[in-house]
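Architecture at a glance
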Amino acid sequence: RQSILRRRPRFLPFGECVKWVQAMGIWDDKEEWEDWIASGEKRNPYIPSRPDEYYGRQGVWKGWSYFLLGVEDSVDEESQRGVPRN
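Residues numbered from 1 in each chain as written. Predicted model: local features only at pLDDT ≥ 70, side-chain atom pairs only at ≥ 80, totals over all residues. Heavy atoms only, no water.

1. Focus: the overall build of the protein chain
Quick reminder of the rule: Numbered from the N terminus, helices here are DSSP runs of H or I no shorter than four residues, and strands are runs of E no shorter than two. The classification of residues rests on relative accessible area computed with a 1.4 Å probe and restricted to protein chains. Under 20% of the type maximum is buried, over 50% is exposed, and intermediate values are partly exposed. Residues count as neighbours in contact if any of their non-hydrogen atoms are within 4.5 Å of one another. Accessibility throughout is a Shrake-Rupley quantity obtained with a 1.4 Å probe, and a residue counts as covered only by protein chains that appear here.
Summing up its helical and strand segments, the protein chain has 6 helices and 0 strands in all. Beginning at the N terminus, the succession of helices and strands in the protein chain can be written as α-α-α-α-α-α. Here the protein chain holds 86 residues, and 27% of them are scored as buried. Sequence-distant contacts, at least 24 apart, represent 53% of the contacts inside the protein chain between residues at least 6 apart. In the form shown here, the protein chain has an accessible surface area of approximately 6,300 Å², with 48% of it arising from carbon and sulfur atoms.

2. Observations concerning the packing of aromatic side chains
Put simply, the test is: Between 30 and 60 degrees the pair is tilted, below 30 it is stacked and above 60 it is edge-to-face, where a pair is any two Phe, Tyr or Trp rings, Trp via its six-membered ring, whose centres lie within 6.5 Å.
Counted by the stated rule, this structure contains 15 aromatic pairs. Between Trp 27 and Trp 36, the aromatic rings sit 4.7 Å apart at their centres with planes inclined by 70°, giving edge-to-face as the arrangement. Summarising the burial analysis for this pair, Trp 27 and Trp 36 share the class buried. Geometrically, the ring pair formed by Trp 33 and Trp 36 is tilted, given 5.2 Å between the ring centres and 50° between the ring planes. Of the two residues, Trp 33 and Trp 36 are both situated in helix 3 (residues 30–38); the distance of 3 residues between them amounts to about one turn of the helix. The buried category is assigned to Trp 33, whose relative accessible area is 1%. You can call Trp 36 buried: its relative accessible area is 14%. These aromatic residues form a ring-pair network of at least three members: Phe 11, Phe 14, Trp 20, Trp 27, Trp 33, Trp 36, Tyr 54, Tyr 55, Trp 61, Trp 64, Tyr 66 and Phe 67.

3. Focus on the pattern of salt bridges
We apply this condition: Note on definitions: salt bridges are taken to be side-chain nitrogens of Lys or Arg within 4 Å of carboxyl oxygens of Asp or Glu.
In this structure the tally under the stated criterion is 3 salt bridges. The salt bridge involving Glu 34 is made with Lys 30; its shortest N-O contact spans 3.9 Å. Of the two residues, Glu 34 and Lys 30 are both situated in helix 3; the distance of 4 residues between them amounts to about one turn of the helix.

4. Notes on the nonpolar core
This is how it is decided: Here, nonpolar core refers to any group of buried Ala, Val, Leu, Ile, Met, Phe, Trp, Tyr and Cys residues whose side-chain atoms link them within 4.5 Å.
Core analysis: the largest hydrophobic core is formed by 14 residues, its most contacted members being Val 21, Trp 33, Phe 67 and Leu 68. Counting only elements with at least two residues in this core, the list comes to helix 2 (14–24), helix 3, helix 4 (51–57) and helix 5 (64–69). With 4 residues, helix 2 is the single largest residue contributor to this core. Apart from the residues within four sequence positions on either side, Leu 68 is in contact with Val 21, Gln 22, Trp 27, Asp 28, Asp 29, Lys 30 and Trp 33.

This is the structure in structure tokens:
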């Protein structure tokens, strides 16, 4: 029982997460995603609240536009890679 309590969350692989997010189709940008998280609406335990950080650490993050809308962008290298800002 103790090992269950200590387990890290298991999130969907990046591609599956992107499919779920885009199928929902309710976010157009990072701010809308963050507002949704802050409002407590996130009920899916397989989707990270901070996907840029989680998938960025895995080296697969492609930016908010790709994540939410399926559109490649090249706005900010740091935000695309999920590197936390100091």
